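# Remarks on the overall topology
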Amino acid sequence: MSQIELINIKKNYLGTEIVKGIDVTINEGEFAVIVGPSGCGKSTLLRMIAGLEDISSGELKIGGKTMNHVSPDQREIAMVFQSYALYPHMTVAENIGFALALKKVDKAEIQQRVLEAAKMLELEHLLDRKPAALSGGQRQRVAIGRAIVKRPKVILFDEPLSNLDAKLRVQMRTELMRLHREFGSTIVYVTHDQVEAMTMAQKIIVLHNGHVAQMGKPMDLYREPDNTFVAQFIGVPKMNLLRGALNKGQFVLQSGQTLPVCPTLLSSAIDRDGLQFGVRPEHLKLSAAQPEQSAWTVDMVERLGVESFIHLHNAAREVLVARMEGDCNWICDDQLAISVDPAQCYLFNAEGVRLCAKTAAGATGLCA
Ligand SMILES: Nc1ncnc2c1ncn2[C@@H]1O[C@H](COP(=O)(O)OP(=O)(O)OP(=O)(O)O)[C@@H](O)[C@H]1O
């Protein structure tokens, strides 16, 4: 049993509340990713699960047992740090087997389990090397080997890939997902990189200022963000947000330009002013502006081969980013008109809380 339950968990440092009442359940065998900007409390939360940090209030349960005052080595948890934390004077094999040697596990068994971990991580040919003679990716694999050799029920990762270059990060993401499938441990993985969260997580927990801004499956957060923070944190380029007001079924921008709003969303707006209109870059359609149309001016086009990002502004200096597949013909200073499918739009109130269309079943969601 390795379900992790955080019940109203709080953490204070010198009278300042850093983690402000977290309620989260991570199921047995689940790959959960805690994501959020720098300083939001991700590492503190992970360290409380590991037992490296005291819990100020609330309850931590692992496998149904309260763990608040259980020492780290009794929690059957392994942790992988960003810094690798390898012993420089030990070989790869000694580093991987160190925790077992400490526990006085039989030498032959240590050797067999080190070999098993090394095979999984493709480190067999490097077992006699010292960390100084390894690449960054290989060192990170040794750090992971050290964690899995203990056969822990729970593995915690604190930004393990942030020291690696972009190509290696992609490769290691795939390897970690494979390891999770083979191993079946419960994984809690901390990162500030939403791409890492989207690609690996079964459950994403978005932290913001010590609170859970939202949690759920990656694509549910992408399609149904509860607030502007999640709407802009998940997805690259981020969701466009424009301030304005509702008038006669339309959203009126500060420039006076109007955008269509799904009729079922209109009824959920109590205030008509101070609202925010959200649209994802891929849902903006661009065309050459006709002389009578109020236009958006192209500021920049980013051509990435598989897709292009078109940056635009209007007369009120409101800005938008549109995404198109492949290349596009637009160039700087082109005057464009935008169109938006009202079913693909979001409305948020002034505080950034999403206004949702209520469906017949009572659930919330985008307009059908
Ligand atoms: N030992 C400590 N004493 C006082 N404040 C601390 C301590 N450890 C962390 N903090 C503060 O708690 C807040 C959360 O820190 P934490 O390391 O959990 O954030 P994070 O989300 O992991 O950030 P990053 O992505 O930059 O690592 C920060 O404002 C940090 O300065």
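Residues numbered from 1 in each chain as written. Predicted model: local features only at pLDDT ≥ 70, side-chain atom pairs only at ≥ 80, totals over all residues.

The name that an unreviewed UniProt entry assigns to the protein chain is ABC transporter ATP-binding protein, with the source organism given as Rheinheimera tilapiae.

## With respect to the packing of helix α4 (residues 136–148) against helix α5 (residues 166–183)
Between α4 and α5, whose axes approach to 11 Å, the crossing angle comes to 20°. In terms of orientation, α4 lies roughly parallel with respect to α5. For the crossing formed where α4 meets α5, the hand is right-handed. Two secondary-structure elements touch here, α4 through Gly136, Gly137, Gln140 and Ile148 and α5 through Leu168, Met172, Leu179 and Phe183. Here the residues of the contact of α4 with α5 sort into five nonpolar, three polar and no charged. (Axes fitted to C-alpha atoms, helices over the stretch in contact; angles between N-to-C directions. Helix = DSSP H or I, 4+ residues; strand = E, 2+ residues; numbered from the N terminus. Parallel < 35°, antiparallel > 145°, perpendicular 65-115°, else oblique. Left-handed = near helix turned anticlockwise from the far one by under 90°. Contact = placed C-beta atoms within 7 Å. Nonpolar A, V, L, I, M, F, W, Y, C, P; charged D, E, K, R; others polar.)

## Comments concerning the site of the ligand
For the ligand, the full set of nearby residues is Tyr13, Ile18, Gly36, Ser38, Gly39, Cys40, Gly41, Lys42, Ser43, Thr44 and His192. If one sorts the elements of the shell around the ligand by residue count, helix α1 (residues 42–50) sits on top with three residues. The residue inventory of the shell around the ligand, partitioned by class, reads three nonpolar, seven polar and one charged. (Near = placed C-beta within 6 Å.)

## Thoughts on the sheet that holds strand β17 (residues 307–313)
Spatial ordering of the open sheet is given by β15-β19-β16-β17-β18, a layout of five strands whose pairing is antiparallel. With one partner strand each, in any of the chains shown, β15 (284–288) and β18 (319–325) form the two edges of the open sheet. Across the sheet, the mean angle from the axis of one strand to that of its neighbour is 40°, orientation sign disregarded. In this sheet, strand β19 (residues 335–340) lies alongside strand β16 (residues 296–303) in antiparallel orientation, the contact comprising two bridges. Looking across to β19, one finds that Thr297 is bridged to Gln335. (Pairing = 2+ DSSP bridges.)

## Looking at the domain arrangement of the protein chain
Segmenting the protein chain into domains produces domain 1 (4–229) and domain 2 (238–365). Each of domain 1 and domain 2 has a C-alpha centre, and these two points are 38 Å apart. Every contact between the two is made by six residues of domain 1 and, on the other side, seven residues of domain 2. Of the residues that constitute the side of domain 1 that touches domain 2, the class distribution is two nonpolar, two polar and two charged. (Domains from an automatic or database assignment.)

## Focus on the sheet that holds strand β12 (residues 250–253)
Spatial strand order, β13-β12-β11-β14-β20-β21: six strands in an open sheet with antiparallel pairing. Looking at the sheet topology across the chains shown, the edges are occupied by β13 (258–260) and β21 (354–355). Pairing analysis gives four bridges linking strand β11 (residues 240–247) to β12, with the strands arranged antiparallel. In the strand pairing of β12, Gly244 is matched with Leu253.

## Notes on the packing of helix α2 (residues 92–102) against α4
Relative orientation of the contacting elements α2 and α4 amounts to 30°, with a least axis distance of 7 Å. Considering the angle they form, α2 stands roughly parallel to α4. Considering only the axes of α2 and α4, their crossing is right-handed. Across the interface between the two elements, Val92, Asn95, Ile96, Phe98 and Ala99 from α2 touch Val142, Gly145 and Arg146 from α4.

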